[in-house]
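Structural features, examined
So you can see what is in the structure, the chains are spelled out below.
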Amino acid sequence: MKIRKVVLPVAGLGTRFLPASKCIPKEMFPIVDKPVIQWLMEECAACGIEEVIFVTARGKYALEDHFDSATSLMYWLEAKDKTGLADRMRSLENLVRVTAVRQKHPLGLGHAIWCAKEAVGNEPFAVILGDELVLSKKPAIGQLIDASERLGGSAIAVDEVPADQTDRYGIVDGEEIEPGIMRLSRLVEKPKPEQAPSCMAITGRYVLPAEIFEILENTEKGQGGEIQLTDGLNELARRPNSPMFSVQLEGKRLDAGSPLGLLQTSLCYAMEDERYRADVLNIMEELLETSKAK
């Protein structure tokens, strides 16, 4: 069945960005000239996703507003003969259909995805986490969807991490069936390096069956007193008729979930844009020269 819907959990408080995130959702922070959430929505649109389901919380209205109509702004831009900019703003309204559901209590990623159950319905769907961006020629979620359809099972995006950093990530275990792809037997949440079954870390994109909702509904609270998605995925992987695969995506994975990561992500995206590349290089050269002079 074609993947038509993406669940995008965006209910987090963004505490690593305080005080900047006190009133502004971290997903609205800019990467060059677009907020993080827009880059993710454009990734979805580029591979034919019809609907994105935001799992939100109190204070996250700006995310929905960004993709809503803004009639007074359009009038002002057109009156000032800024029709090109007006067209760019108007295109946001038709990028991908947006639905929002509330996660009323912060009970973890597994719970956030379960909150989208009614909006998704009884069909396979994708999940994108709002902190992860991937610079690639082919949209990252599209790569994962293609692999899932070809292999006939769930798919989880992974990336190789240094062996001494496995305790920062969810790590997958399984058998490699072709280059960059493993059939999974289990997932381990933040294992110590000496206990890690591999160096392949989960990187925030999933293709899952509707069956996961029933599993998450019956998953007990785990680490941190939250309903962990990893626990639900382990249960799914144990079911004989639900094969699960990890897929190492093509492209550069970027973590925009911390101040330094957001800065690195913005610089990487700017370097990919011909409008900014030369200026960014000049700025960096000036900074290096200033640093050497100190």
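To start, this report covers the structure provided alongside it.

Criteria and cut-off values
Residues numbered from 1 in each chain as written. Predicted model: local features only at pLDDT ≥ 70, side-chain atom pairs only at ≥ 80, totals over all residues. Heavy atoms only, no water. Salt bridge = Lys/Arg side-chain N within 4 Å of Asp/Glu carboxyl O. Helix = DSSP H or I, 4+ residues; strand = E, 2+ residues; numbered from the N terminus. Axes fitted to C-alpha atoms, helices over the stretch in contact; angles between N-to-C directions. Parallel < 35°, antiparallel > 145°, perpendicular 65-115°, else oblique. Contact = heavy atoms within 4.5 Å. Nonpolar A, V, L, I, M, F, W, Y, C, P; charged D, E, K, R; others polar. Phe/Tyr/Trp six-rings, centres within 6.5 Å; stacked < 30°, edge-to-face > 60°. Buried < 20%, exposed > 50% of the residue type's maximum accessible area, 1.4 Å probe, protein only. Lys NZ or Arg CZ within 6 Å of the ring centre and 35° of its normal.

A few points about the pattern of salt bridges
Within this structure, the stated rule accounts for 24 salt bridges. Of the charged contacts, one joins E27 and K60 as a salt bridge, the two residues approaching to 2.9 Å between their closest N and O atoms. Of this pair, E27 sits in the loop between strand 1 (5-9) and strand 2 (30-31) while K60 sits in the loop between strand 4 (51-56) and helix 2 (61-66); the two residues are 33 residues apart in sequence, bridging distant segments of the chain. R90 is the salt-bridge partner of D87, the closest N and O atoms lying 3.1 Å from each other. Of this pair, D87 and R90 both sit in helix 4 (residues 83-91), separated by three residues, roughly a single helical turn. One continuous salt-bridge network, built from bridges that share partners, spans R4, K5, E50, E51, R97 and E123.

Remarks on the packing of helix 10 (residues 259-271) against helix 11 (residues 277-293)
Following both chains from N to C, one finds helix 10 and helix 11 inclined at 130°, their axes separated by 8 Å at the closest point. By the angle class used here, helix 10 and helix 11 are oblique. Along the contact surface, helix 10 presents L267, A270 and M271, while helix 11 presents R277, V280 and L281. Here the residues of the contact of helix 10 with helix 11 are counted per class, giving five nonpolar, no polar and one charged.

Some remarks on the packing of aromatic side chains
The geometry of two aromatic rings is summed up by the distance between their centres and the angle between their planes. Under the defined criterion, the tally for this structure stands at four aromatic pairs. Between F125 and F213 the ring centres are 5.0 Å apart and the planes differ by 10°, which places this aromatic pair in the stacked class. Note that F125 is positioned in strand 6 (residues 125-128) and F213 in helix 8 (residues 211-217), a separation of 88 residues in sequence. The same class applies to F125 as to F213, namely buried. Across the ring face of W39, the terminal group of K34 is positioned such that the distance to the ring centre comes to 4.3 Å.

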